[in-house]
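Residue strings, one per chain:
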Amino acid sequence: VFAGEGLSGSLVARAREVFPGVRIVNGYGQTESFYATTFALEGTQGLGEAVSAPIGSPLGNMRTYVLGAGLTPVPPGVVGELYVAGAVARGYHGRPGLTAERFVADPFGPAGARMYRTGDMARWTSDGVLEYVGRGDAQIKVRGAGVSVAELRRFVSGRLPEFMVPSVFVVLDRLP
């Protein structure tokens, strides 16, 4: 199961070389929704070097919308912003402004439902499968390369209570 970043066709191909016959699943979601969609990749799915693998369709407890201006759904093949509804978080603790910006009323769901504005750009295929296209805002995911243990300890100590700061940090150049 791959999750956390767009899954490139080249990574799918490398995984198939190393683990022939393995089932590869592209899991999509954010902290605010955990997993929203999954997609099992059969063969290479015609994935190219720079193309992201499909992210699939919503799980049973989720709804996904690809929306354009004015929260209007866009037709298949057209890129819009991806919104996730269903089992989403309540918001951000102590950050009402950010909560109001990212968690909005869901006009397509039941009364009182909310949806999460992901900031991800996506499109529906003609087969009803979601494709991740990229980011539509300035959010950056930092992978942590080049951070020293001392920097990490200082950063964590400034944000967590002492009892939550790990006593040991292990830095790996790569996962075995």
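Refer to the preceding data block for the structure.
Residues numbered from 1 in each chain as written. Predicted model: local features only at pLDDT ≥ 70, side-chain atom pairs only at ≥ 80, totals over all residues. Heavy atoms only, no water.

Colleague: What am I meant to see in the pattern of salt bridges here?
Modeller: Here the idea is simple: oppositely charged side chains can pair when their charged atoms come close. Taken as a whole and assessed by the stated rule, the structure comprises 3 salt bridges. With a closest N to O distance of 3.0 Å, E81 and R117 form a salt bridge. Pair noted here: E81 is in strand β5 (residues 80-86) and R117 is in strand β7 (residues 114-124), with a separation of 36 residues, a long-range link. Since its relative accessible area comes to 12%, E81 is described here as buried. Note on R117: relative accessible area 29%, which makes it partly exposed. (Salt bridge = Lys/Arg side-chain N within 4 Å of Asp/Glu carboxyl O. Helix = DSSP H or I, 4+ residues; strand = E, 2+ residues; numbered from the N terminus. Buried < 20%, exposed > 50% of the residue type's maximum accessible area, 1.4 Å probe, protein only.)

Colleague: Quick question: what am I supposed to make of the pairing of strand β3 (residues 54-58) here?
Modeller: On any regular strand, side chains alternate: one points to one face of the sheet, the next to the other face. When strand β2 (residues 37-41) meets β3, the two strands line up antiparallel, connected through 2 bridges. Paired with T38 across the bridge in β3 is S57. Both β3 and strand β8 (residues 130-135) contribute to a ladder of 2 bridges, which runs antiparallel. If you follow P54 over to β8, its bridge partner there is E131. (Pairing = 2+ DSSP bridges.)

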